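# Breakdown of the fold
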Amino acid sequence: MSDIVSLVLAAGKGTRMKSALPKVLHSVGGKSMVQHVLTAAATAGANRNIVVIGFGADDVRKALGDQAEFVVQSEQLGTGHAVLQAKELFQDFTGTILVLCGDTPLLQGAELARLIEAHRAKDAAATVLTAHMPDPAGYGRVIRNDQGQVIKIVEQKDATVAERQVSEVNTGIYCFECQPLFAALSNITCANAQGEYYLTDVIGMLADQGQAVWAVPAADYQQTLGINSRVQLAEAETILRRRKLIELMEAGVTVMDPASTFVDSDVIVGSDTVLYPFTWLEGATTIGSNCRIGPNSRIANTQIGDDVTLHFVYAHECNISDKVTVGPYVHLRPQTVLASGVKIGNFVEVKNSSVGENSKIPHLSYIGDTDMGSGVNIGSGTITVNYDGKSKHRTIIEDNAFIGCNTNLVAPVTVGREAYVAAGSTITKHVPAGALGVARARQSNMADWAAKRAQRAQED
């Protein structure tokens, strides 16, 4: 299918979204609407993508980067006009153009592959993906002849009373052979109720020329729904989330309460993992097998191994190896790397740090910009003091070191292998391997201090 190019129409503002953001960049299921469309196109076999941009053009370019080529529709004069903006990019192309809408995030690659297969089986000049909507109001109607071929698509505002009774509607998704498409586009006009250049007029022109034009009804009309408002965006979110959870459950993942579990489209979860209620899995997150995630956990763009337990955890842009236990009430910040067997307890924050195998940070600690070896024990209330007001500095804690409770490690500083730091110390110098570091004021006791204090209070 190397001769398939997708042409995605994404120039509209989306007035009903009431947003400064281009409509197609609104996120649903963890990525933008237009990104969902490009994913579906790639799954169906398109190896080149062209996106027609207009409102917020720079934002769309930046969001999609090198995933697509771009052409600009400066004025939104209709779908036919939008396609014409890409004509120069198809000068030497003789294959199939898959015309898509940038606001249809529910569309799946398998549906597009079925459309392409039908298009080629009929040796058609054009094939329309249609749908039978529960309420077809507002959609263009697909008019067929007795042989089932499409003879025209008529927009509702231009349709007769009889044509409006037709329930099969145009979804705005098409397969066209390149040369017939652009030959017909050169002849369309804006003589219609909207005063626009309709891409749908090409269908009637090709049919009048005796070229084969067919239609393929979508297996599920919901896949073809365009998103035009925040309400519809939320409805699409619900559909995508449910679709993803069904995919995971059928692959062997336990989702205890689907109604309170939120998993983005690209997340990967291994079998026998259990997702507890109020868990969010976002972005490019991958989770291994036999894990326990949640409740009340949010994991974003994080790689997690097998046999991991995370409960009441917020982790983003981290790497967590096998057999790690974290929580409750833990924040794992970007560039945190936890090796196998690490245990992190309640009220701990770890940032830009590596923690070696079987090390423990049980509770009430901040570990930032730290390289920690294996077998380390971090006492309660330990703080790595990594910021001097101008620059960040790193702390090194070598294998099997023991850090006493309520310790400050003022970076840059190193605690050597199998060294000890006494509780309550503020360490500002390196502690050699095997040594005990003590850095606290000597205790002194003032006899009868309480009684003297009470007497002074009475005298006052």
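Notes on the structure in this doc start here. (Residues numbered from 1 in each chain as written. Predicted model: local features only at pLDDT ≥ 70, side-chain atom pairs only at ≥ 80, totals over all residues. Heavy atoms only, no water.)

With that out of the way, let us pick up the overall build of the protein chain. Within the protein chain one finds nine helices and 41 strands. Relative to the 2.2 N^0.38 estimate, which gives 23 Å for 460 residues, the radius of gyration of the protein chain is 31 Å and therefore markedly larger than a compact globule would have. Taking the principal axes of its C-alpha atoms as reference, the protein chain extends roughly 105 × 55 × 40 Å. Out of the 460 residues in the protein chain, the part that is buried amounts to 48%. For the protein chain, contacts bridging at least 24 residues in sequence account for 40% of all contacts bridging at least 6. Computed over 39 positive and 47 negative side-chain charges, the inter-centroid distance for the protein chain is 8 Å. (Helix = DSSP H or I, 4+ residues; strand = E, 2+ residues; numbered from the N terminus. Rg over C-alpha atoms; globule rule 2.2 N^0.38 Å. Buried < 20%, exposed > 50% of the residue type's maximum accessible area, 1.4 Å probe, protein only. Contact = heavy atoms within 4.5 Å. Lys, Arg positive; Asp, Glu negative; His and termini not counted. Charge placed at Lys NZ, Arg CZ, Asp CG, Glu CD.)

Turning to the sheet that holds strand S29 (residues 354-355), a few remarks are in order. Note on sheets: strands pair through backbone hydrogen bonds, and any given pair is parallel or antiparallel. If you walk across this open sheet you meet the nine strands as S14-S17-S20-S23-S26-S29-S32-S35-S38, and the pairing is parallel. Unpaired on one side and paired on the other, strand S14 (268-269) and strand S38 (413-415) mark the two borders of the sheet. Bridge count for strand S23 (residues 318-320) against strand S26 (residues 336-338) is three bridges, and the pairing is parallel. Within S26, the position partnered with Cys318 by the bridge is Thr336. (Pairing = 2+ DSSP bridges.)

Evaluated as defined, the whole model comprises 17 salt bridges. With its nearest N and O atoms 2.7 Å apart, the salt bridge here joins Asp103 to Lys23. Here Asp103, found in the loop between strand S6 (96-101) and helix H4 (109-121), pairs with Lys23, found in the loop between strand S1 (4-10) and strand S2 (27-28); they are 80 residues apart in sequence, far enough to count as distant. Assessed through its relative accessible area of 13%, Asp103 is described here as buried. Lys23 sits in the buried class, given a relative accessible area of 11%. Here Lys152 and Glu163 are joined by a salt bridge, their closest N and O atoms 2.7 Å apart. Placement of Lys152 in strand S9 (residues 150-154) and of Glu163 in helix H5 (residues 161-164) is noted, with a sequence separation of 11 residues between them. Looking at Glu163, the relative accessible area reads 13%, which means it is buried. (Salt bridge = Lys/Arg side-chain N within 4 Å of Asp/Glu carboxyl O.)

The next point concerns a nonpolar patch on the surface. On the surface, Phe402, Tyr420, Leu436 and Val438 cluster together into a nonpolar patch covering about 410 Å² of accessible area. Counting through the fold element by element, Leu436 comes out in strand S41 (residues 436-437). (Patch = residues over 30% accessible without salt bridge, like charges linked within 9 Å, V, L, I, M, F, W, Y side chains within 5 Å. Areas by Shrake-Rupley, 256 points an atom, 1.4 Å probe, with all protein chains shown as cover.)

In this section: the pairing of strand S5 (residues 69-72). In terms of strand pairing, strand S4 (residues 48-53) meets S5 through four bridges, oriented parallel. Residue Ile50 lies in a different strand from S5, and its bridge partner there is Glu69. Once the chain exits S4 it traverses helix H2 (residues 57-64) before rejoining the sheet at S5, and the crossover so formed is right-handed. (Right-handed = clockwise from strand over helix to strand, strands pointing away.)

In the contact formed by helix H1 (residues 33-44) and H4, the axes pass within 7 Å of each other and the chain directions differ by 50 degrees. Between H1 and H4, the angle is such that the two are oblique. Remark: the crossing between H1 and H4 carries right-handed chirality. Listed contacts from H4 to Ala40, Ala41, Thr43 and Ala44 of H1 are Gly109, Leu112, Ala113 and Ile116. Taken together, the residues of the contact of H1 with H4 sort by class into six nonpolar, two polar and no charged. (Axes fitted to C-alpha atoms, helices over the stretch in contact; angles between N-to-C directions. Parallel < 35°, antiparallel > 145°, perpendicular 65-115°, else oblique. Left-handed = near helix turned anticlockwise from the far one by under 90°. Nonpolar A, V, L, I, M, F, W, Y, C, P; charged D, E, K, R; others polar.)

A word on the side chain of Thr171. Relative to the helices and strands, Thr171 resides in strand S10 (residues 168-177). The class for Thr171 is buried, based on a relative accessible area of 10%. A distance of 2.6 Å separates a polar side-chain atom of Thr171 from the backbone oxygen of Leu129. Engagement of the side chain of Thr171 in a polar contact is seen with the backbone nitrogen of Ile173, the distance being 3.3 Å. Residues contacting Thr171, with those up to four places away along its chain left out, are Cys101, Leu129, Thr130, Ala131 and Thr224. (Polar contact = N/O pair within 3.5 Å; in protein donor to acceptor, adjacent residues only side chain to side chain.)

Taking 1.5 Å per residue, 13 residues should reach 18 Å; H4 reaches 18 Å between its end C-alpha atoms and fits that length. Buried within H4 we find Gly109, Glu111, Leu112, Leu115, Ile116 and His119. Buried residues along H4 cover an arc of 160 degrees about the axis, so they all sit on one side. Turned more than 90 degrees off the buried face of H4, the exposed positions are Ala110, Glu117 and Ala121. Asp123 lies just past H4 and shows a positive phi near 50 degrees. (Expected span 1.5 Å × (residues − 1). Arc of directions from axis to C-beta.)

The subject of this paragraph is the state of the cysteines. Covalent bonding between the sulfur atoms of two cysteines is what defines a disulfide. This structure, assessed with the given rule, holds zero disulfides. In this model Cys318 remains outside any disulfide bridge; the closest cysteine sulfur is found in Cys291, 15 Å from its own. (Disulfide = S-S within 2.5 Å.)

This part covers helix H7 (residues 200-208). Every α-helical turn comprises 3.6 residues, leaving residues that sit three or four positions apart pointing alike. All buried positions along H7 are accounted for by Thr200, Val202, Ile203, Gly204 and Leu206. The secondary structure elements touched by the buried residues of H7 are strand S7 (126-132), S9, S10, helix H6 (178-185) and strand S11 (213-217). Positive backbone phi, approximately 85 degrees, marks Gly210, located one or two places after H7.

Here the focus is the nonpolar core. Grouped together as the largest cluster of nonpolar side chains are 45 residues, with contacts concentrated most on Leu332 and Ile344. Look past the residues within four positions of Ile344 in its chain and what remains in contact with it is Thr325, Val326, Gly327, Val330, Leu332, Leu338, Val350, Ile361 and Pro362. Core analysis: the second largest hydrophobic core is formed by 34 residues, Leu9, Val142, Cys178 and Leu206 among them. (Core = buried A, V, L, I, M, F, W, Y, C linked by side-chain atoms within 4.5 Å.)

Bear in mind that shape data such as this cannot, by itself, settle questions of function.
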